[in-house]
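Observations on the three-dimensional arrangement
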Amino acid sequence: QVQVVESGGGLVQAGDSLTLSCAASGRTFRIGAMGWFRQAPGKEREFVAATSGGSPDYSDSVKGRFTISRDNANNAVYLQMNSLKPEDTAVYYCAAKNYYRNSYPPRAILEYDYWGQGTQVTVSS
C-alpha cells in the first residue's frame, strides 16, 4: 500500500503564490506517476498536473502558472502555483499511480491508485 498526504493549502489573495506538497510513504517503489487534481464546490474533480518522468502535463487552465515537480529521493511531489485566481479555489488532491512507465503521465482520475485527503486552497479577489 501507498499513503499520500498533502499539505500547504491556505487562504491567499488573487495574484499570490502558493506551493503544495505531497508526501508518499509505504511501497513507494511501485509509484510510476504522480498527479494533482482539484475539486471546487459543486463541481467534479478535475485534472491539474501530473508527472511520470518525462515532460509534465498540465491542464489548459493552469498551464504557464503552475509547475509540478517531483523529488524521487524523498517520494514527494510539489505544485508551485503562481498568479492565483479566485477560480483556482478548490480542494487539491495528490494522487499516485503504480507501475506506470510511460513518460506521458495519465490525466484520468480512474488511472490513479492512491489518493490523499486533500488540502483546501482559497483565493480571494
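Preceding this paragraph is the structure being described.
In this numbering scheme, every chain counts its residues from 1 along its sequence in written order. Two thresholds apply to this predicted model, a pLDDT of at least 70 for residue-level local features and 80 or more for giving and counting side-chain atom pairs, whereas whole-chain, interface and lining totals are computed over all residues. Calculated side-chain values reflect all of the structure's heavy atoms, with hydrogen atoms and water omitted.

Description of the state of the cysteines
A pair of sulfur atoms, both from cysteines and within 2.5 Å, is called a disulfide here. Applying the stated rule across the entire model yields one disulfide. Note on cysteine connectivity: C22 is disulfide-linked to C94, with sulfurs 2.0 Å apart. Measuring the twist about the S-S bond at about -80°, one finds the C22-C94 disulfide to be left-handed. Here C22 is found in strand β3 (residues 18-26), whereas its partner C94 is found in strand β9 (residues 90-98), with 72 residues between them in sequence. Here a strand is any run of E in DSSP of at least two residues, a helix any run of H or I of at least four, and the numbering for each starts at the N terminus.

Some points on the pattern of salt bridges
One side-chain nitrogen of Lys or Arg within 4 Å of one carboxyl oxygen of Asp or Glu is enough to make a salt bridge. With the rule as written, the count across this model stands at six salt bridges. For E46, the salt bridge goes to R38, with nearest N and O atoms at 2.7 Å. A residue is classified by how much of its surface remains accessible, and E46, at 35% relative accessible area, is partly exposed. Close ionic contact of K63 with D60 constitutes a salt bridge, the shortest N to O distance being 3.6 Å. When salt bridges that share partners are traced, they join R38, E46, R65 and D88 into one network. Relative accessibility under 20% of the residue-type maximum defines a buried residue, over 50% an exposed one, and the middle range a partly exposed one, all with a 1.4 Å probe and only protein chains included.

Regarding the nonpolar core
Core analysis: the biggest nonpolar cluster contains 28 residues, and W36, L79, M81 and Y92 have the highest contact counts within it. At the level of elements, β1 (2-7), β3, β4 (31-39), β5 (46-51), β7 (66-71), β8 (76-81), β9 and β11 (119-124) are the ones that each hand at least two residues to this core. Membership of the second largest hydrophobic core comes to five residues, among which are F37, A50, A95 and Y112. We call a set of buried residues a nonpolar core when its members are Ala, Val, Leu, Ile, Met, Phe, Trp, Tyr or Cys and they connect through side-chain atoms within 4.5 Å of each other.

A short note on unusual backbone geometry
You will see that N75, though not glycine, has its phi angle at about 50°, which is positive. Here N75 is to be found in the loop between β7 and β8. With phi around 50°, Y99 is a residue other than glycine that occupies positive phi space. Along the chain, Y99 turns up in the loop between β9 and β10 (114-115).

Some remarks on the environment of Y78
Its place among the elements puts Y78 in strand β8. Beyond its immediate sequence surroundings of up to four residues, Y78 is in contact with T19, L20, S21, W36, T67, I68, S69 and D71. Contacts: residue pairs with any heavy atoms within 4.5 Å of one another.

Looking at the packing of aromatic side chains
Classification of ring pairs rests on two measures: the distance between centres of Phe, Tyr or Trp rings, Trp counted by its six-membered ring, which must be within 6.5 Å, and the angle between planes, read as stacked under 30 degrees, edge-to-face over 60 and tilted in between. On inspection of all chains with the given rule, the structure shows four aromatic pairs. Between F37 and W115 the ring centres are 5.0 Å apart and the planes differ by 55°, which places this aromatic pair in the tilted class. Within this pair, whereas F37 is found in strand β4, its partner W115 is found in strand β10, the two being separated by 78 residues in sequence. Between the aromatic rings of Y112 and W115, the centroid separation amounts to 6.2 Å while the plane-to-plane angle is 65°, which identifies the pairing as edge-to-face. Given a relative accessible area of 25%, W115 falls into the partly exposed group.

Read these as layout, nothing more, since geometry by itself doesn't imply function.
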